[in-house]
Amino acid sequence: MNRKRVAILISGRGSNMAALIEAARGSDYPAEIVLVIADCADAGGLARARAADIATRVVEHRSFAQDREAFEGALQQALAEQRVEIVCLAGFMRVLTPAFVARWSGRLLNIHPALLPSFKGLDTHARALAAGVKIHGASVHLVVPEVDSGPIVAQAAVPVHEEDTADTLAARVLAAEHRIYPLALALVASGRVRIVAGRCLIEGSSSRDQMLVVPD
Ligand code: GRF
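Calculation notes
Residues numbered from 1 in each chain as written. Predicted model: local features only at pLDDT ≥ 70, side-chain atom pairs only at ≥ 80, totals over all residues. Heavy atoms only, no water. 1 Å grid on protein atoms, 1.4 Å probe; cavity = no way out; pocket = protein on both sides within 12 Å on 5 of 7 lines; lining within 4 Å. Points joined across faces, edges and corners; volume = space filled by probe spheres on them. Helix = DSSP H or I, 4+ residues; strand = E, 2+ residues; numbered from the N terminus. Nonpolar A, V, L, I, M, F, W, Y, C, P; charged D, E, K, R; others polar. Core = buried A, V, L, I, M, F, W, Y, C linked by side-chain atoms within 4.5 Å. Buried < 20%, exposed > 50% of the residue type's maximum accessible area, 1.4 Å probe, protein only. Contact = heavy atoms within 4.5 Å. Near = heavy atom within 4 Å. Polar contact = N/O pair within 3.5 Å; in protein donor to acceptor, adjacent residues only side chain to side chain. Areas by Shrake-Rupley, 256 points an atom, 1.4 Å probe, with all protein chains shown as cover. Sits in = over half its atoms within 2 Å of the grid points. Pairing = 2+ DSSP bridges. Axes fitted to C-alpha atoms, helices over the stretch in contact; angles between N-to-C directions. Disulfide = S-S within 2.5 Å.

**Concerning the layout of surface pockets**
And then number 1: Here the largest pocket is characterised by a volume of approximately 890 Å³.
And then number 2: Forming the boundary of the largest pocket are 35 residues, of which Gly-91, Met-93, Ile-111, Pro-113 and Leu-122 lie nearest the centre.
And then number 3: Elements that contribute at least two residues to the lining of the largest pocket include exactly helix 1 (15-24), strand 5 (108-112), helix 5 (124-131) and helix 6 (166-189).
And then number 4: Residues of the lining of the largest pocket, tallied by class, amount to 17 nonpolar, twelve polar and six charged.

**Focus: the nonpolar core**
And then number 1: Residues Ile-8, Ile-33, Leu-109, Val-153 and Leu-185 are the most contacted members of the largest nonpolar core, which totals 49 residues.
And then number 2: Sorting elements by how many residues they give to this core places helix 6 first, with eleven residues.
And then number 3: Apart from the residues within four sequence positions on either side, Ile-8 is in contact with Met-17, Leu-20, Ile-21, Ile-33, Leu-35, Val-36, Ile-37, Cys-88 and Ala-90.

**Some points on the site of the ligand**
And then number 1: For the ligand, the full set of nearby residues is Arg-13, Gly-14, Ser-15, Asn-16, Gly-91, Ile-111, Pro-113 and Glu-177.
And then number 2: In the environment of the ligand, an oxygen atom lies 2.9 Å from a nitrogen or oxygen atom belonging to the backbone of Gly-14.
And then number 3: Take Ser-15: an N or O atom from its side chain is 2.5 Å from an oxygen atom of the ligand.
And then number 4: Within the complex, 84% of the 370 Å² of free accessible area of the ligand lies under protein.
And then number 5: Among the detected pockets, the ligand sits in the largest pocket.

**Examining the side chain of Ser-139**
And then number 1: Tracing the backbone shows Ser-139 in strand 6 (residues 135-142).
And then number 2: For Ser-139, a relative accessible area of 0% gives the class buried.
And then number 3: Here the side chain of Ser-139 touches Gln-155 through a polar contact of 2.9 Å, side chain to side chain.
And then number 4: Non-local contacts of Ser-139, meaning those with residues more than four positions away in its chain, are made with Asn-110, Ile-111, His-112, Ala-114, Leu-115, Leu-116, Ala-154 and Gln-155.

**Regarding the sheet that holds strand 4 (residues 86-89)**
And then number 1: One open sheet holds the eight strands; their spatial order is 3-2-1-4-5-6-7-10, and the pairing between them is mixed. For this open sheet the edge positions go to strand 3 (56-58) and strand 10 (211-213), each flanked by a neighbour on one side alone. Taken pair by pair, the neighbouring strands of this sheet meet at an average axis angle of 20°, ignoring direction.
And then number 2: As paired strands, strand 2 (residues 31-38) and strand 3 are joined by three bridges and run parallel to one another. The residue of strand 3 that forms the bridge with Val-36 is Thr-56.
And then number 3: Here helix 3 (residues 68-81) sits on the sheet and contacts strand 1 (4-10), strand 2, strand 3 and strand 4; the angle it forms with strand 2, its principal contact strand, is near 150°.
And then number 4: Contacts between helix 6 and the sheet are confined to strand 1, strand 2, strand 4, strand 5, strand 6, strand 7 (152-159) and strand 10, with strand 7 contributing the most and set at about 155° to the helix.

**Remarks on the environment of Ala-24**
And then number 1: Mapped onto the secondary structure, Ala-24 falls in helix 1.
And then number 2: In this structure, the C-alpha to C-alpha distance between Ala-24 and Val-6, residues 18 residues apart in sequence, is 9.8 Å.

**Examining the state of the cysteines**
And then number 1: A full pass over the atoms with the stated rule returns zero disulfides.
And then number 2: Distance from the sulfur of Cys-88, which forms no disulfide, to the nearest cysteine sulfur (Cys-200) is 13 Å.
And then number 3: You can call Cys-88 buried: its relative accessible area is 0%.
And then number 4: The exposure class of Cys-200 is buried, given its relative accessible area of 12%.

**What about the pairing of strand 9 (residues 199-202)?**
And then number 1: The alternating pattern of strand 9 places Cys-200 and Ile-202 on a buried face, while none of Arg-199 and Leu-201, on the opposite face, is buried.
And then number 2: Pairing analysis gives four bridges linking strand 8 (residues 193-196) to strand 9, with the strands arranged antiparallel. Across the sheet, residue Ile-195 finds its bridge partner in strand 9, namely Cys-200.
And then number 3: Linking strand 8 back to strand 9 in an antiparallel pair, the connection comprises two residues, with Ala-197 at a positive phi of about 50°.

Below, the structure written as structure tokens:
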């Protein structure tokens, strides 16, 4: 099997990164994780990646001050050195320029902790509770220049409980994120995702490949 070479970009603890690394250990998984890049040296996920024997790089956004193009040039160089074919953003807190996004068009994924297009941006769980939604979740989407937009590859839904706090809801969503991101990456890496009129159409897949409903 020709496994796609994948890099994961993180800024924090890297639990989604760990879920992708774990999934990619499967011999029939269509992708291998060849690189983890953090934009700050204290990202907790770096130690987890090293413990899993994955190559790591730190490309500190602070070193590039206001120069986003230089920062992205350093990212691009690290990706090219490892011959990366697909990039997964996993809690990566930098907004990428349209030029970088265009370069990786169709090969750049992000996970967002809400059922897009609802609750783009930050504090999604508190805002979902305030809105009184009964179902919340997570989305994996292809990245486009507009933040938290772009064709949706897969989504996971979880129930919202009346007694939930933002933290309890976040924990339930996070567990679902760890399941849906590996599913979504597998779809993209196996070349089954086609973009038609701004939507992802997935060849030869059942809905179970692209959605997950976590029951109570
Ligand atoms: C996740 O909730 C992800 O959806 C969001 O940032 C968080 C990152 O968590 N984009 P982790 O670093 O993967 O644990």
